[in-house]
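Below, each chain spelled out in residue letters.
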Amino acid sequence: MSPLEALLLELVPTRPDPAPHRGPWTQGQQDEHWAQLCEAVGTPGAERPQRLAEAA
């Protein structure tokens, strides 16, 4: 392996291992995540869209 190839291997980022699956989010976790998203984009308290199954 050339010095350049060794350097490139060090500089190229690698994808981290996927996070372990912890199951579906609880309603509380979903609500907290929505509130954090709204705060991040500057629309605190924005109404959460309904899921298709709930809207029917």
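All values reported here derive from a predicted model rather than from experimental measurement.

Engineer: How should the overall build of the protein chain be read in this particular structure?
Structural biologist: Check the secondary structure of the protein chain and you find three helices and zero strands. Ordering the α and β elements of the protein chain from the N terminus gives α-α-α. When each of the 56 residues of the protein chain is scored for burial, the buried share is 4%. With an accessible surface of roughly 5,600 Å², the protein chain has 60% of that area assigned to carbon and sulfur atoms.

Engineer: Looking at this structure, how should I read the pattern of salt bridges?
Structural biologist: All told, the structure shown has one salt bridge when counted by the stated rule. The residue Arg48 makes a salt bridge to Asp31 at a minimum N-O spacing of 2.4 Å. Taken together, the positions of Arg48 in the loop between α2 (27–41) and α3 (52–55) and Asp31 in helix α2 put the pair 17 residues apart, joining distant regions of the chain. Look at Arg48 and you get partly exposed, because its relative accessible area is 28%.

Engineer: What should I look at first to understand α2 in this one?
Structural biologist: The α-helix advances 3.6 residues per turn, and as a result positions three or four apart in sequence lie on the same side. With 15 residues, α2 extends 21 Å from end C-alpha to end C-alpha; this agrees with the ideal 21 Å at 1.5 Å per step. A positive backbone phi angle near 85 degrees is found at Gly42, which sits one or two residues after α2.

Engineer: What is the right way to read the confidence of the model for the protein chain from this model?
Structural biologist: Low pLDDT marks stretches whose predicted atomic positions should not be read closely. Scored by pLDDT, the protein chain comes out at a mean of 82, with 89% of its residues at no less than 70. Mean pLDDT across the elements of the protein chain bottoms out in α3 (64) and peaks in α2 (91).

Engineer: Help me understand a nonpolar patch on the surface in this model?
Structural biologist: Together, Leu4, Leu7, Leu8 and Leu11 line one region of the surface with nonpolar side chains, adding up to about 400 Å² of accessible area. One can find Leu4 in helix α1 (residues 3–11). Look at Leu4 and you get exposed, because its relative accessible area is 55%.

Rules used in this analysis
Residues numbered from 1 in each chain as written. Predicted model: local features only at pLDDT ≥ 70, side-chain atom pairs only at ≥ 80, totals over all residues. Heavy atoms only, no water. Helix = DSSP H or I, 4+ residues; strand = E, 2+ residues; numbered from the N terminus. Buried < 20%, exposed > 50% of the residue type's maximum accessible area, 1.4 Å probe, protein only. Areas by Shrake-Rupley, 256 points an atom, 1.4 Å probe, with all protein chains shown as cover. Salt bridge = Lys/Arg side-chain N within 4 Å of Asp/Glu carboxyl O. Expected span 1.5 Å × (residues − 1). pLDDT = per-residue confidence, 0-100. Patch = residues over 30% accessible without salt bridge, like charges linked within 9 Å, V, L, I, M, F, W, Y side chains within 5 Å.

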